[in-house]
Amino acid sequence: MPELVITVARFGFLILLWIFVFTVVGVIRRDLFAGARSGRLVAAPRGVGASTSQPPSGKPAKVKRGRAAHQMVVTAGQLAGTRITLGEAQITIGRAEDSTLVITDDYASARHARLVPRDGQWYVEDLGSTNGTYLDRAKVTGPTPVPLGVPIRIGRTSLELRP
Amino acid sequence: MTAAAVPAASPASTGEQSGVRLARSRRNAELSLLLLAMVLVAAYSAMIEAKALDTITGDFWIPAAALGLVFLGLHLVIRWLAPFADPALLPAVALLNGIGVGFLRRFDLAQAAPAEREDLAIFAGTGGRQLAWTLASVVLAAGLLAVLRDHRTLSRYAYTLGLAGIVLVMIPAILPGRFSEINGAKLWIIVPGLGQIQPGEFAKLALLTFFAYYLVRKREVLSLASRRVLGIDFPRGRDLGPVLVVWLISLMVLVFEKDLGTSLLYFGMFVVTLYIATERVSWLLIGLLLFFGGAYLAYVLGSTVGGPFANFYDRAQIWLDPFAEPYDRGYQLVQGLLTLGTGGLFGAGPGGGQPTLLPEVQTDFIFAGIGEEIGLFGLSALLVVYLLIVERGLRAALAVRDSFGKLLAGGLAFTLGLQVFVIVGGISKLIPLTGQTTPFLSAGGSSLMANWLLIAVLLRVSDGARRPVTGGRGPAARPAGGPPEQLHGAPTEVIRP
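Residues numbered from 1 in each chain as written. Chains lettered and ligands numbered in written order. Predicted model: local features only at pLDDT ≥ 70, side-chain atom pairs only at ≥ 80, totals over all residues.

### A look at the overall build of chain A
What chain A contains, in helices and strands, is 3 helices and 11 strands. Put simply, chain A runs from its N terminus to its C terminus through helices and strands in the order α-α-α-β-β-β-β-β-β-β-β-β-β-β. For chain A, with 163 residues in total, the buried portion stands at 39%. Pairs at least 24 apart in sequence give 37% of the contacts found in chain A among residues at least 6 apart. (Helix = DSSP H or I, 4+ residues; strand = E, 2+ residues; numbered from the N terminus. Buried ≥ 20, exposed ≤ 12 C-beta atoms within 10 Å, placed from the backbone. Contact = placed C-beta atoms within 7 Å.)

Below is the structure:
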């Protein structure tokens, strides 16, 4: 084996190793910078049709009204910081292990509440919990529409819908 | 649940979302990364043969191809059983595993007589055994993915696993040295004539599962009942109980099994899960103080009393000044440092080093042995690959939606990182050297198997974290495209725990 070939291969291998590293970083890049990009999201609400979406070139809407919720964020409690991307399926909340959001909270029931989408609007519904579900300060008695950014309180946990 | 029941991520949902949970499964990205990793492994073996044999034999690609096939199998299993698992984990681990197998084969070549080198069979020697162990471990990992369809199932067996973990830790300490001691560390179960296993590697996983479960139960008490001293919240005395028990266990490991690394690993694992559970910095402070206090005490006792502490004292002495006795006690560490120094920035090229000069190069010092040939430039790439694996684990912990999963994934990822720190810190003389394996690189079936199981659990948790939400009754309860459930007349059930 000529020395030159081996030298070239040696450095080629090292470069290829780093290319691998950067390719992996490229694949997970969106996760790494997840928080930074959320500011300019203008995505069409899923399952609602394109009627409420805006042209991608336009600036993000300032008004909250009319924008669909895309995320549910836990703002207080032990799961604080957890985000759930909203789809078309309901979200159940409680201590039961098969809940979508499993909260370990002494003041929560096994099946505490659920969030259900209908016509692009999310409704919160209490499932007969012991300590109740609160939308901001008001106790939830029946299916209640949830505006963006208003806290839903369950025990010590607080959730919000975000665009 | 079959693959068909999992709704393909709708095109609309591939738009910019939070990024914490991507609706796309990214399996194709995983496949291409895996192929790239296997190309790297094949290139590595080719260069080793070119340098060590002066020619590339016709079947240099066989180990890489065998590994590639097994990993491809695991990839298909993931596609089927955990379609939303993290795409970066498998390729990164596959690369490390492949480089490890390649290096061990290179070590065999260096040991064989020059005339026999070209005829060295694929499954012969350390490299061949490692290859066989890899096949077994990957099959085991796939099996775990198949059995464990939801990581929350693990919490049901938490106490059993905790007991099993403690028993596994204790066995080598109790067994007579003949059946448990290799190179001064009593970490093994040796079956004469058959081989040996290192139960501590598996105990790590079992104990962590138990910690995660226990702390989910107790986190309220641990984080709320506290006294404030000097601006830091300290827990009540009685809540310190379990921490002290684990501290004692890890100290006993240190004393009776003579292994600082494992004891640091267990204790660090517990303190960090405690920290994740309670978000209290005081636990980290208490943990660090306890550990360093204990280690210092062992050092002092070792110098005055000797006995069971003598081994630790010796190691600390070597660490403080390895060049005091470079041909005697400090030989291994000195050789390791010289090896790393010989490698320099770019290394001698795969196959160009002298791994036979370094004792234990196939296990503890494999990182130094590889470093001699790929240099700092290559080693840092490998370290970044480890970092990425740990980062993916922590990301899965952030994104998963139940506390047990958070603690489990966070603890597992941290444990992997800590183990890399303990061994790489050891061979580079940052901390006293202890006999830890380098995950996925070192020769050894127990370590490889346990770490692949760890990766399987991380894959499972990340699958649960990234899977699109499709209702509360399991992932396949309702197709995502269906109409929303009726609100009127929906039953309101009262189920109290």
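Structure shown, so let's carry the discussion forward.
### Side note on the overall build of chain B
When helices and strands are counted, chain B shows 15 helices and 6 strands. A burial count over chain B gives 52% of its 497 residues as buried.

### As for the sheet that holds strand β2 (residues 83–85) of chain A
Residues and elements named next belong to chain A. Pairing within the open sheet is antiparallel, and its 6 strands lie in the order β2-β1-β11-β10-β7-β8. At either end of the open sheet lies a strand with only one pairing partner, and these are β2 and β8 (138–139). Of the strand pairs in this sheet, strand β7 (residues 133–135) and strand β10 (residues 152–154) are connected by 3 bridges, and their pairing is antiparallel. Across the sheet, the residue bridging to Tyr134 is Arg153, located in β10. (Pairing = 2+ DSSP bridges.)

### Remarks on the sheet that holds strand β9 (residues 144–145) of chain A
To summarise the sheet geometry, strands pair through backbone hydrogen bonds and adopt either a parallel or an antiparallel arrangement. Residue and element names in this part refer to chain A. Pairing within the open sheet is mixed, and its 5 strands lie in the order β4-β3-β5-β6-β9. Two strands close off the open sheet at either side, each with one partner strand: β4 (101–102) and β9. For strand β3 (residues 91–94) and β4, the ladder comprises 2 bridges, and the chain directions are parallel. By the bridge assignment for β4, Gly94 is matched with Val102.

### As for the pairing of strand β11 (residues 157–162) of chain A
Residue and element names in this part refer to chain A. What you see with β11 is a clean split: Thr157, Leu159 and Leu161 sit on the buried side and Ser158, Glu160 and Arg162 on the side with no burial. Pairing of strand β1 (residues 71–76) with β11, which is carried by 5 bridges, proceeds in the antiparallel orientation. Bridge assignment links Val73 to a residue of β11, and that residue is Glu160. Bridge count between β10 and β11: 3 bridges; the pairing is antiparallel. Its bridge partner being in β11, Ile154 is matched across the sheet by Thr157. Adjacent in sequence and paired antiparallel, β10 and β11 are bridged by 2 residues, among which Gly155 carries a positive phi angle near 60°.

### Focus on the UniProt feature "transmembrane region" (unreviewed entry) in chain A
Feature annotation in UniProt assigns "transmembrane region" (unreviewed entry) to the following positions: residues 6–28 of chain A. A helix fraction of 96% and a strand fraction of 0% characterise residues 6–28 of chain A, whose end C-alpha atoms lie 33 Å from each other. (UniProt positions renumbered as here; feature names shortened; annotations may be inferred.)

### Some remarks on helix α3 (residues 89–111) of chain B
Between its first and last C-alpha, α3(B) extends 33 Å over 23 residues, near the 33 Å set by a 1.5 Å rise per residue. With respect to burial, α3(B) is a largely interior element, 21 of its 23 residues being buried. (Expected span 1.5 Å × (residues − 1).)

### Regarding unusual backbone geometry
Positive phi outside glycine occurs at Asp136(A), with the angle close to 60°. Locating Asp136(A) in the fold gives a position in the loop between β7 and β8.

### Digging into the packing of helix α13 (residues 366–399) of chain B against helix α15 (residues 445–466) of chain B
All names here are of chain B. With their axes 8 Å apart at the nearest point, α13 and α15 run at an angle of 40° to one another. Between α13 and α15, the interaxial angle falls into the category oblique. Here α13 and α15 pass one another in a crossing that is left-handed. Here Arg392, Gly393, Ala396 and Ala399 of α13 lie close against α15, whose contacting residues are Leu458, Val461, Ser462, Ala465 and Arg466. Grouping the amino acids of the contact of α13 with α15 by side-chain chemistry returns 5 nonpolar, 2 polar and 2 charged. (Axes fitted to C-alpha atoms, helices over the stretch in contact; angles between N-to-C directions. Parallel < 35°, antiparallel > 145°, perpendicular 65-115°, else oblique. Left-handed = near helix turned anticlockwise from the far one by under 90°. Nonpolar A, V, L, I, M, F, W, Y, C, P; charged D, E, K, R; others polar.)

### Some thoughts on the UniProt feature "domain: FHA" (unreviewed entry) in chain A
The UniProt record marks residues 91–140 of chain A with the feature "domain: FHA" (unreviewed entry), using the residue numbering of this structure. Here residues 91–140 of chain A is 0% helix and 46% strand, with 16 Å between the C-alpha atoms at its ends.

### Points about the packing of α3(B) against α13(B)
All names here are of chain B. Interhelical geometry of α3 versus α13 gives an angle of 160° and a closest axis separation of 9 Å. The pairing of α3 with α13 is recorded here as roughly antiparallel in orientation. In the crossing of α3 with α13, the sense of the turn from one axis to the other is left-handed. Contacts from Leu89, Ala92, Val93, Leu95, Leu96, Ile99, Gly100 and Phe103 in α3 reach Ile366, Gly369, Ile370, Leu382, Val385, Leu388, Ile389 and Arg392 in α13. Of the residues in the contact of α3 with α13, the class split is 13 nonpolar, 2 polar and 1 charged.

### Considering the environment of Pro359(B)
Residue and element names in this part refer to chain B. By the element assignment, Pro359 lies in the loop between α12 (331–343) and α13. Assessed through the 15 C-beta atoms surrounding it within 10 Å, Pro359 is described here as partly exposed. Contact partners of Pro359, with chain neighbours within four places excluded, come to Gln332 and Gln335.

### Thoughts on the nonpolar core
The tendency in soluble globular proteins is for nonpolar side chains to be buried side by side. Core analysis: the biggest nonpolar cluster contains 138 residues, and Ala92(B), Val385(B) and Leu458(B) have the highest contact counts within it. What Leu458(B) contacts, discounting residues up to four positions off in sequence, is Leu89(B), Gly393(B), Ala396(B), Ala409(B), Leu412(B) and Ala413(B). Among the nonpolar cores identified, the runner-up in size contains 25 residues, and Ala68(A), Val74(A), Ile103(A) and Leu115(A) belong to it. (Core = buried A, V, L, I, M, F, W, Y, C linked by C-beta atoms within 7 Å.)

### Section: the confidence of the model for chain A
All names here are of chain A. Looking at chain A, the pLDDT average stands at 75 and 76% of residues meet or exceed 70. Across chain A, helix α1 (residues 3–27) holds the top mean pLDDT of 90, while helix α3 (residues 34–37) sits lowest at 45. Between residues 35–65, whose pLDDT stays under 50, and residues either more than four places distant or in other chains, the model counts 31 contacts. (pLDDT = per-residue confidence, 0-100.)

### Examining the environment of Gly347(B)
Residues and elements named next belong to chain B. Along the chain, Gly347 turns up in the loop between α12 and α13. Between the C-alpha atom of Gly347 and that of Ile370, which follows or precedes it by 23 residues, the distance is 8.9 Å. Setting aside chain neighbours within four positions, we find Gly347 in contact with Glu372, Glu373, Ile374, Gly375 and Gly378.

### Brief notes about the pairing of β1(A)
All names here are of chain A. Sheet topology note: the β1/β2 ladder contains 3 bridges and is antiparallel. Following the sheet pairing, Gln71 is matched in β2 by Thr85. Hairpin geometry of β1 and β2 is characterised by an intervening segment of 6 residues between the two adjacent antiparallel strands and by a positive phi of about 100° at Gly77.

### Structural notes on α13(B)
Residues and elements named next belong to chain B. Here α13 spans only 34 Å end to end across 34 residues, well under the 50 Å set by a 1.5 Å rise per residue. Gly375 marks the point of greatest bend in α13, at about 120°. In terms of burial, α13 is largely enclosed, as 24 of its 34 residues are buried. (Bend = angle between axes of the 7 residues up to and from the residue.)

### Quick word on the confidence of the model for chain B
All names here are of chain B. Of the residues in chain B, 83% have a pLDDT of 70 or more, and the chain-wide mean is 81. Scored below 50 in pLDDT, residues 1–22 makes 53 contacts in the model with residues more than four places away or belonging to other chains. For residues 471–491, every residue scores under 50 in pLDDT, and the model assigns this stretch 41 contacts once sequence neighbours within four places are set aside. Confidence metrics for the complex model read pTM 0.78 and ipTM 0.81.

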